[in-house]
Amino acid sequence: MDTIDLTVTTRVPKGKGGARQLRAKGMVPGVLYGEKQENVSIGIKPRDVVDILRSSRGANSILNIEVDGSKHLGVIRDYQVHPVQRKLLHVDLLRVLPETVLKVSVPVKLEGRSVGEEKGAKLILAAREIKVFCQVDNIPECITIDVTPYDLGFSYYSRDLELPAGMRLANRGVFPIFSVLGNRGLLHDEAEAEAEGEAAAAAAEGAESEG
C-alpha cells in the first residue's frame, strides 16, 4: 500500500480566532477525526494538501499523518476552497485502518482503439469517474477498460464492469460509461450520451446504499 507522509500541528486556540491566527502563519485549519478517537483541531501547510490532491491518486491518497509525535493512517475526506480566490480554507482528515471500507470516486481510463473507431466512429466517454466501495488498502488509481473489441453502435454500461474482488459499485442503478458512435448526427449523439451518463449516474447515486 503506497502512502504519503503528512505532518500537521495541533491548533491552539480553537475557533475562528485560532483559525485567523493560523492563516496568518501561512497554514490552513482542519480537523482529524474518526476511528472512535477524539477529534483534533489541526493546522496544515496548504502546499502539502495541494501536492496530495495533484498526485496520481489525488484525494484517494493514503496518508501517514504525524501530529505531535503520534502517527495515524488517514485520508483527505473533505476540503473547502474559496469560491473567488481559490485558496484552500479548511481540510478534514479521516483516520482509517487498512481494512476500513470507504466510498471513493475512481477515474475511468480507456485503453486501446475500438473496432468502431477503426471504421471512423468516435468513442464518447460518458462517465469520467465511478464511485465504488473498497478497502483502504485496495483503492485503485483508476478503473481501466479495454475498448478494443467494441464496434460501432455499442454502449458499455456499469453492469458490464468487472471489478476486482472485494470492490463493488456504490450505485444500485445502471448508467452508461462509454459509447461508440457513428459520424451521422455525432454532435447530437455525443451531447445526448454525456447527458445520459451524468443524469443516470446522479440518479443511481441517489439510490446508493452501503448495504
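Provided above is the structure to which this section pertains.
Note that this is a predicted model, so its numbers are computed, not measured.

(A) Up close: the sheet that holds strand β4 (residues 63–67). Reading around the circumference, β1-β3-β2-β6-β5-β4 is the order of the 6 strands in this closed barrel, with mixed pairing throughout. Across the sheet, the mean angle separating the axes of adjacent strands is 45 degrees when strand polarity is ignored. Both strand β1 (residues 4–10) and β4 contribute to a ladder of 5 bridges, which runs parallel. Bridging from a neighbouring strand, I4 pairs with L63 of β4.

(B) Inspection of the sheet that holds strand β8 (residues 122–125) at higher detail. Read from one edge of the open sheet, 3 strands run β8-β13-β11, paired in antiparallel fashion. On the outer flanks of this sheet lie β8 and β11 (155–157), each paired with one strand and no other. On average, each strand axis in the sheet is inclined to that of its neighbour by 10 degrees, with strand direction left out of account. Of the pairings in the sheet, the one linking β8 to strand β13 (residues 176–181) comprises 4 bridges and is antiparallel in character. Residue pairing in the sheet places L123 in a bridge with V180 of β13.

(C) Fine view of the side chain of T100. On the secondary structure map, T100 appears in the loop between β6 (88–95) and β7 (101–111). Residue class for T100 comes out buried when judged on its relative accessible area of 18%. There is a polar contact of 3.5 Å between the side chain of T100 and the side chain of E35. Those residues in contact with T100 that sit more than four places away from it in its chain are E35, C134, Q135 and V136.

(D) The arrangement of the nonpolar core in detail. Among the nonpolar cores identified, the biggest contains 30 residues, and I130, V132, L161, I177 and F178 are the most heavily contacted of them. Top contributing element to this core by residue count: β7, with 4 residues. Each residue touching I130, except ones within four places of it in the same chain, is listed here: V104, S105, V106, V108, I143, L161, L169, F175 and I177. Listed in part, the 15 residues of the second largest apolar core include V8, L32, V91 and L93.

(E) Summary view of unusual backbone geometry. In this structure, E35 is a non-glycine residue whose phi angle is positive, near 55 degrees. Looking at the element boundaries, E35 is found in the loop between β2 (28–34) and β3 (37–44). Residue E35 is classed as partly exposed on the basis of its relative accessible area of 34%. Here the phi dihedral of K36 falls at roughly 55 degrees; this positive angle occurs in a residue that is not glycine. Looking at the secondary structure, you find K36 in the loop between β2 and β3. The class for K36 is exposed, based on a relative accessible area of 90%.

(F) Structural detail: the pairing of β7. Here β7 runs beside strand β9 (residues 129–135); their pairing, made up of 7 bridges, is antiparallel. For V104, the partnering residue across the bridge sits in β9 and is V132.

(G) Structural detail: the pattern of salt bridges. All chains considered together, the criterion is met by 3 salt bridges. Taking the shortest distance from any N to any O, the salt bridge between R47 and D51 comes out at 3.4 Å. Of the two residues, R47 and D51 are both situated in helix α2 (residues 46–53); the distance of 4 residues between them amounts to about one turn of the helix. A salt bridge links K119 to D151, with the shortest nitrogen-to-oxygen separation between them at 2.8 Å. Linking K119 in the loop between α3 (115–118) and β8 with D151 in the loop between β10 (143–146) and β11, this pair joins segments that are 32 residues apart in sequence. With a relative accessible area of 59%, K119 lands in the exposed category. Overall, the relative accessible area of 28% leaves D151 in the partly exposed class.

Calculation notes
Residues numbered from 1 in each chain as written. Predicted model: local features only at pLDDT ≥ 70, side-chain atom pairs only at ≥ 80, totals over all residues. Heavy atoms only, no water. Pairing = 2+ DSSP bridges. Helix = DSSP H or I, 4+ residues; strand = E, 2+ residues; numbered from the N terminus. Axes fitted to C-alpha atoms, helices over the stretch in contact; angles between N-to-C directions. Buried < 20%, exposed > 50% of the residue type's maximum accessible area, 1.4 Å probe, protein only. Polar contact = N/O pair within 3.5 Å; in protein donor to acceptor, adjacent residues only side chain to side chain. Contact = heavy atoms within 4.5 Å. Core = buried A, V, L, I, M, F, W, Y, C linked by side-chain atoms within 4.5 Å. Salt bridge = Lys/Arg side-chain N within 4 Å of Asp/Glu carboxyl O.

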